[in-house]
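Reading the structure
For reference, the chains in residue letters:
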Amino acid sequence: MKSFLIVALCAISLHATSQSLIAPNAKLELVSSQFKFTEGASVDKAGNIYFTDQPNNTIWKYDTNGKLSLFRDNAGRSNGTSVDKNGNLITCADENGQIWSIDKNGKQTIILKDFQGHQFNGPNDLWIDPKGGIYFTDPYFQRDYWTRKEGDPAMKKEGVYYLAKGKTEPIVVDDQFTKPNGVVGTPDGKNLYAAEIGKGYIYKYDIQADGTLANRTTFCEDRADGITLDNKGNLYLAGNGVTIYDASGKKIEHIDVPSKWTANLCFGGKNKDVLFITALESVYTIKMAVKGVE
(Lines give C-alpha, C1' and ligand atoms only; values in the text may rest on other atoms or scores of the structure.)
Protein backbone atom coordinates (compact mmCIF):
# COMPACT_ATOMS: atom_id res chain seq x y z
CA MET A 1 0.00 0.00 0.00
CA LYS A 2 2.81 2.44 0.86
CA SER A 3 4.57 1.91 -2.48
CA PHE A 4 1.28 2.42 -4.33
CA LEU A 5 0.72 5.76 -2.59
CA ILE A 6 4.22 6.92 -3.45
CA VAL A 7 3.69 6.10 -7.13
CA ALA A 8 0.30 7.83 -7.14
CA LEU A 9 1.61 10.97 -5.50
CA CYS A 10 4.51 11.19 -7.95
CA ALA A 11 2.08 10.88 -10.87
CA ILE A 12 -0.15 13.64 -9.52
CA SER A 13 2.64 16.05 -8.63
CA LEU A 14 4.23 15.83 -12.10
CA HIS A 15 7.73 16.48 -10.74
CA ALA A 16 9.89 17.97 -13.45
CA THR A 17 13.13 16.47 -14.65
CA SER A 18 16.07 18.53 -15.88
CA GLN A 19 14.63 18.15 -19.41
CA SER A 20 11.09 19.08 -18.47
CA LEU A 21 9.22 22.22 -19.42
CA ILE A 22 7.47 22.03 -16.04
CA ALA A 23 9.01 24.10 -13.25
CA PRO A 24 10.95 22.09 -10.64
CA ASN A 25 8.67 20.57 -7.98
CA ALA A 26 5.58 22.03 -9.65
CA LYS A 27 2.32 20.14 -9.53
CA LEU A 28 -1.07 20.47 -11.14
CA GLU A 29 -3.34 22.67 -9.02
CA LEU A 30 -7.14 22.60 -9.15
CA VAL A 31 -8.60 26.12 -9.25
CA SER A 32 -12.30 25.22 -9.27
CA SER A 33 -14.79 22.58 -10.41
CA GLN A 34 -17.94 24.69 -10.35
CA PHE A 35 -18.49 24.82 -14.11
CA LYS A 36 -20.16 22.73 -16.80
CA PHE A 37 -17.82 22.90 -19.82
CA THR A 38 -14.90 25.32 -19.71
CA GLU A 39 -13.29 26.66 -22.89
CA GLY A 40 -11.65 29.65 -24.52
CA ALA A 41 -8.70 30.45 -22.24
CA SER A 42 -6.84 33.68 -23.08
CA VAL A 43 -4.66 36.21 -21.29
CA ASP A 44 -4.35 40.01 -21.17
CA LYS A 45 -1.15 42.07 -20.97
CA ALA A 46 -1.12 41.96 -17.17
CA GLY A 47 -1.42 38.17 -17.07
CA ASN A 48 -5.10 37.94 -16.08
CA ILE A 49 -6.85 34.97 -17.67
CA TYR A 50 -10.33 34.86 -19.20
CA PHE A 51 -12.23 31.69 -20.01
CA THR A 52 -15.74 30.65 -20.94
CA ASP A 53 -18.29 28.25 -19.52
CA GLN A 54 -20.30 27.82 -22.69
CA PRO A 55 -23.30 25.78 -21.46
CA ASN A 56 -23.84 28.31 -18.66
CA ASN A 57 -23.31 31.21 -21.12
CA THR A 58 -20.71 32.95 -18.94
CA ILE A 59 -17.19 34.35 -19.14
CA TRP A 60 -14.93 34.18 -16.08
CA LYS A 61 -11.76 35.97 -15.02
CA TYR A 62 -8.88 34.45 -13.08
CA ASP A 63 -6.59 37.27 -12.02
CA THR A 64 -2.88 37.30 -11.26
CA ASN A 65 -3.61 37.06 -7.52
CA GLY A 66 -5.54 33.84 -7.98
CA LYS A 67 -8.97 35.42 -7.57
CA LEU A 68 -11.80 33.92 -9.63
CA SER A 69 -14.71 36.17 -10.61
CA LEU A 70 -17.59 36.31 -13.07
CA PHE A 71 -16.67 38.72 -15.88
CA ARG A 72 -19.90 38.54 -17.88
CA ASP A 73 -23.10 36.54 -18.18
CA ASN A 74 -25.29 36.48 -21.31
CA ALA A 75 -22.04 35.95 -23.19
CA GLY A 76 -23.45 34.93 -26.57
CA ARG A 77 -22.44 31.32 -25.82
CA SER A 78 -18.86 32.41 -26.33
CA ASN A 79 -16.32 29.68 -26.95
CA GLY A 80 -12.78 30.68 -27.99
CA THR A 81 -11.42 34.05 -26.88
CA SER A 82 -8.40 36.31 -27.31
CA VAL A 83 -7.44 39.70 -25.92
CA ASP A 84 -6.53 42.43 -28.42
CA LYS A 85 -3.91 45.16 -27.99
CA ASN A 86 -6.53 47.54 -26.58
CA GLY A 87 -7.55 45.09 -23.85
CA ASN A 88 -10.82 44.09 -25.47
CA LEU A 89 -11.85 40.44 -25.23
CA ILE A 90 -12.58 39.12 -28.72
CA THR A 91 -14.86 36.07 -28.56
CA CYS A 92 -16.36 33.42 -30.80
CA ALA A 93 -20.00 33.96 -29.85
CA ASP A 94 -21.53 30.93 -31.54
CA GLU A 95 -25.08 31.40 -30.27
CA ASN A 96 -25.79 33.29 -33.50
CA GLY A 97 -22.53 32.60 -35.32
CA GLN A 98 -20.85 35.90 -34.50
CA ILE A 99 -17.54 37.42 -33.43
CA TRP A 100 -17.82 39.84 -30.49
CA SER A 101 -15.58 42.45 -28.93
CA ILE A 102 -16.15 42.92 -25.20
CA ASP A 103 -14.56 45.90 -23.46
CA LYS A 104 -13.16 45.98 -19.93
CA ASN A 105 -16.59 46.89 -18.54
CA GLY A 106 -18.23 43.87 -20.18
CA LYS A 107 -19.98 45.83 -22.94
CA GLN A 108 -20.13 43.91 -26.20
CA THR A 109 -19.99 44.98 -29.83
CA ILE A 110 -20.68 42.64 -32.74
CA ILE A 111 -17.75 42.92 -35.13
CA LEU A 112 -18.73 40.08 -37.47
CA LYS A 113 -22.11 38.42 -37.94
CA ASP A 114 -22.03 36.56 -41.27
CA PHE A 115 -20.12 35.74 -44.44
CA GLN A 116 -21.57 37.09 -47.68
CA GLY A 117 -24.99 37.13 -46.06
CA HIS A 118 -24.77 33.56 -44.70
CA GLN A 119 -24.57 32.74 -41.01
CA PHE A 120 -21.42 30.99 -39.87
CA ASN A 121 -21.60 27.41 -38.62
CA GLY A 122 -20.34 28.38 -35.17
CA PRO A 123 -17.05 30.27 -34.73
CA ASN A 124 -14.97 28.16 -32.40
CA ASP A 125 -11.48 29.51 -31.76
CA LEU A 126 -9.42 32.52 -32.84
CA TRP A 127 -6.00 34.15 -32.89
CA ILE A 128 -5.20 37.83 -33.34
CA ASP A 129 -2.13 38.47 -35.48
CA PRO A 130 0.44 41.26 -34.88
CA LYS A 131 -1.39 43.48 -37.41
CA GLY A 132 -4.67 43.19 -35.48
CA GLY A 133 -6.27 40.79 -37.95
CA ILE A 134 -8.28 37.83 -36.70
CA TYR A 135 -7.94 34.22 -37.80
CA PHE A 136 -10.84 32.03 -36.68
CA THR A 137 -12.15 28.52 -37.22
CA ASP A 138 -15.76 27.75 -38.11
CA PRO A 139 -16.67 24.08 -37.53
CA TYR A 140 -20.19 22.76 -37.05
CA PHE A 141 -20.85 21.29 -33.61
CA GLN A 142 -24.55 20.86 -32.93
CA ARG A 143 -25.67 22.93 -29.93
CA ASP A 144 -28.83 22.25 -27.93
CA TYR A 145 -29.60 25.98 -27.91
CA TRP A 146 -29.74 26.21 -31.72
CA THR A 147 -32.89 25.94 -33.81
CA ARG A 148 -30.67 24.52 -36.56
CA LYS A 149 -30.43 20.74 -36.65
CA GLU A 150 -27.59 18.32 -37.28
CA GLY A 151 -26.90 17.96 -40.98
CA ASP A 152 -28.12 21.49 -41.74
CA PRO A 153 -25.05 23.69 -41.27
CA ALA A 154 -25.27 27.35 -42.14
CA MET A 155 -22.12 27.16 -44.25
CA LYS A 156 -21.55 24.18 -46.52
CA LYS A 157 -17.84 23.98 -45.68
CA GLU A 158 -16.02 24.10 -42.36
CA GLY A 159 -12.87 26.15 -42.57
CA VAL A 160 -10.51 28.87 -41.40
CA TYR A 161 -11.20 32.57 -42.03
CA TYR A 162 -9.22 35.77 -41.77
CA LEU A 163 -10.66 39.18 -40.94
CA ALA A 164 -8.07 41.88 -41.67
CA LYS A 165 -7.93 44.86 -39.33
CA GLY A 166 -10.34 47.56 -40.48
CA LYS A 167 -12.26 45.21 -42.78
CA THR A 168 -15.87 44.14 -42.38
CA GLU A 169 -15.76 41.04 -44.60
CA PRO A 170 -13.48 38.07 -43.88
CA ILE A 171 -11.77 35.88 -46.45
CA VAL A 172 -11.59 32.09 -46.55
CA VAL A 173 -7.97 31.05 -46.04
CA ASP A 174 -8.51 27.26 -45.93
CA ASP A 175 -11.75 25.35 -46.45
CA GLN A 176 -10.18 21.89 -46.80
CA PHE A 177 -11.14 20.67 -43.33
CA THR A 178 -13.40 18.02 -41.90
CA LYS A 179 -13.69 19.91 -38.62
CA PRO A 180 -11.25 22.72 -37.75
CA ASN A 181 -10.79 23.71 -34.13
CA GLY A 182 -7.90 25.36 -32.27
CA VAL A 183 -5.79 27.99 -33.98
CA VAL A 184 -2.69 29.95 -32.97
CA GLY A 185 0.09 31.85 -34.71
CA THR A 186 3.71 32.67 -33.98
CA PRO A 187 4.38 36.08 -32.39
CA ASP A 188 6.32 37.23 -35.45
CA GLY A 189 3.21 36.67 -37.59
CA LYS A 190 5.01 34.30 -39.96
CA ASN A 191 3.31 30.98 -39.22
CA LEU A 192 -0.12 29.69 -38.26
CA TYR A 193 -1.11 26.38 -36.68
CA ALA A 194 -4.63 24.96 -36.96
CA ALA A 195 -6.08 21.81 -35.42
CA GLU A 196 -8.04 19.40 -37.60
CA ILE A 197 -9.91 17.68 -34.80
CA GLY A 198 -11.99 15.65 -37.24
CA LYS A 199 -9.05 13.70 -38.67
CA GLY A 200 -6.47 14.16 -35.94
CA TYR A 201 -3.89 16.46 -37.52
CA ILE A 202 -2.20 19.75 -36.71
CA TYR A 203 -1.47 21.81 -39.82
CA LYS A 204 1.17 24.49 -40.15
CA TYR A 205 1.10 27.33 -42.69
CA ASP A 206 3.19 30.22 -43.89
CA ILE A 207 1.30 33.50 -43.46
CA GLN A 208 1.47 35.78 -46.48
CA ALA A 209 1.62 39.60 -46.40
CA ASP A 210 -2.11 39.86 -47.20
CA GLY A 211 -3.11 37.37 -44.49
CA THR A 212 -3.66 34.44 -46.82
CA LEU A 213 -2.03 31.10 -46.04
CA ALA A 214 0.45 29.09 -48.07
CA ASN A 215 2.42 25.84 -47.86
CA ARG A 216 0.12 23.83 -45.64
CA THR A 217 2.05 20.97 -44.07
CA THR A 218 1.14 18.34 -41.49
CA PHE A 219 2.99 19.45 -38.37
CA CYS A 220 2.00 16.37 -36.38
CA GLU A 221 -0.64 13.68 -36.21
CA ASP A 222 -2.64 14.28 -33.04
CA ARG A 223 -6.19 15.23 -32.08
CA ALA A 224 -6.44 18.58 -30.35
CA ASP A 225 -9.04 21.09 -29.24
CA GLY A 226 -7.35 24.36 -28.18
CA ILE A 227 -3.66 24.99 -28.87
CA THR A 228 -1.05 27.49 -27.70
CA LEU A 229 2.67 28.26 -27.97
CA ASP A 230 5.45 28.99 -25.49
CA ASN A 231 8.44 31.31 -25.92
CA LYS A 232 10.64 28.42 -27.04
CA GLY A 233 8.40 27.67 -30.02
CA ASN A 234 6.83 24.56 -28.47
CA LEU A 235 3.20 23.83 -29.37
CA TYR A 236 0.77 22.75 -26.61
CA LEU A 237 -2.28 20.66 -27.46
CA ALA A 238 -5.38 20.39 -25.28
CA GLY A 239 -7.40 17.20 -25.63
CA ASN A 240 -6.00 14.16 -23.88
CA GLY A 241 -4.43 16.11 -21.04
CA VAL A 242 -1.78 18.43 -22.48
CA THR A 243 0.62 17.17 -25.14
CA ILE A 244 3.66 19.25 -26.07
CA TYR A 245 5.55 19.23 -29.38
CA ASP A 246 8.77 21.06 -30.14
CA ALA A 247 9.13 23.34 -33.16
CA SER A 248 10.16 20.42 -35.37
CA GLY A 249 6.96 18.48 -34.63
CA LYS A 250 8.53 16.01 -32.17
CA LYS A 251 6.46 15.06 -29.11
CA ILE A 252 8.51 16.05 -26.07
CA GLU A 253 6.24 16.00 -23.02
CA HIS A 254 2.77 15.17 -21.71
CA ILE A 255 0.91 16.57 -18.71
CA ASP A 256 -1.74 14.29 -17.26
CA VAL A 257 -4.97 16.03 -16.25
CA PRO A 258 -7.62 14.16 -14.19
CA SER A 259 -10.39 14.79 -16.69
CA LYS A 260 -11.74 12.97 -19.73
CA TRP A 261 -11.05 16.00 -21.89
CA THR A 262 -9.11 19.24 -21.82
CA ALA A 263 -10.58 21.84 -24.16
CA ASN A 264 -8.24 24.82 -24.05
CA LEU A 265 -5.16 26.35 -22.45
CA CYS A 266 -3.03 29.47 -22.26
CA PHE A 267 -0.12 30.93 -20.31
CA GLY A 268 -0.92 33.56 -17.69
CA GLY A 269 0.18 35.01 -14.39
CA LYS A 270 2.38 38.03 -13.72
CA ASN A 271 5.34 36.37 -15.46
CA LYS A 272 3.26 34.48 -18.07
CA ASP A 273 4.76 31.24 -16.75
CA VAL A 274 1.58 29.63 -15.38
CA LEU A 275 -0.15 27.20 -17.73
CA PHE A 276 -3.92 27.50 -17.31
CA ILE A 277 -5.97 24.50 -18.47
CA THR A 278 -9.72 24.22 -19.00
CA ALA A 279 -11.03 20.68 -18.48
CA LEU A 280 -14.79 20.11 -18.62
CA GLU A 281 -16.22 21.27 -15.27
CA SER A 282 -12.79 22.20 -13.91
CA VAL A 283 -9.88 24.56 -14.46
CA TYR A 284 -6.28 23.85 -13.43
CA THR A 285 -2.92 25.60 -13.30
CA ILE A 286 0.66 24.40 -13.30
CA LYS A 287 3.88 26.42 -13.00
CA MET A 288 6.15 26.10 -16.02
CA ALA A 289 9.86 26.66 -16.71
CA VAL A 290 8.92 28.49 -19.93
CA LYS A 291 6.63 31.42 -20.69
CA GLY A 292 3.77 32.05 -23.07
CA VAL A 293 3.83 34.39 -26.03
CA GLU A 294 0.25 35.74 -25.95
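Scroll up to find the structure.
Since we're looking at a predicted model, the values are computed, not measured. (Residues numbered from 1 in each chain as written. Predicted model: local features only at pLDDT ≥ 70, side-chain atom pairs only at ≥ 80, totals over all residues. Heavy atoms only, no water.)

Comments concerning the pairing of strand 22 (residues 264–268)
- For strand 22, the buried fraction is high: 5 of the 5 residues fall into the buried class.
- The two faces of strand 22 match: Asn-264, Cys-266 and Gly-268 on one face and Leu-265 and Phe-267 on the other face are all buried.
- As judged from the 5 bridges shared by strand 22 and strand 23 (residues 274–279), these two strands associate in the antiparallel manner. Across the sheet, the residue bridging to Phe-267 is Leu-275, located in strand 23.
- Linking strand 22 to strand 23, which pair antiparallel, is a turn of 5 residues; within it Gly-269 sits at a positive phi near 90 degrees. (Buried < 20%, exposed > 50% of the residue type's maximum accessible area, 1.4 Å probe, protein only. Helix = DSSP H or I, 4+ residues; strand = E, 2+ residues; numbered from the N terminus. Pairing = 2+ DSSP bridges.)

Describing the pattern of salt bridges
- Counted by the stated rule, this structure contains 5 salt bridges.
- Notably, a salt bridge pairs Lys-179 with Glu-158, separated by 3.1 Å at the nearest N-O pair. With a gap of 21 residues between them, Lys-179 in the loop between strand 13 (171–174) and strand 14 (180–185) and Glu-158 in the loop between strand 11 (134–138) and strand 12 (159–163) connect regions that are remote in the sequence.
- Accessibility expressed as a relative area gives 16% for Glu-158, which makes it buried.
- A salt bridge links Lys-287 to Asp-273; its shortest N-O distance comes to 3.8 Å. Of the two residues, Lys-287 sits in strand 24 (residues 282–287) while Asp-273 sits in the loop between strand 22 and strand 23, which places them 14 residues apart along the sequence.
- Overall, Lys-287 belongs to the partly exposed group, its relative accessible area being 41%.
- Residue classification places Asp-273 among the buried positions, given a relative accessible area of 12%. (Salt bridge = Lys/Arg side-chain N within 4 Å of Asp/Glu carboxyl O.)

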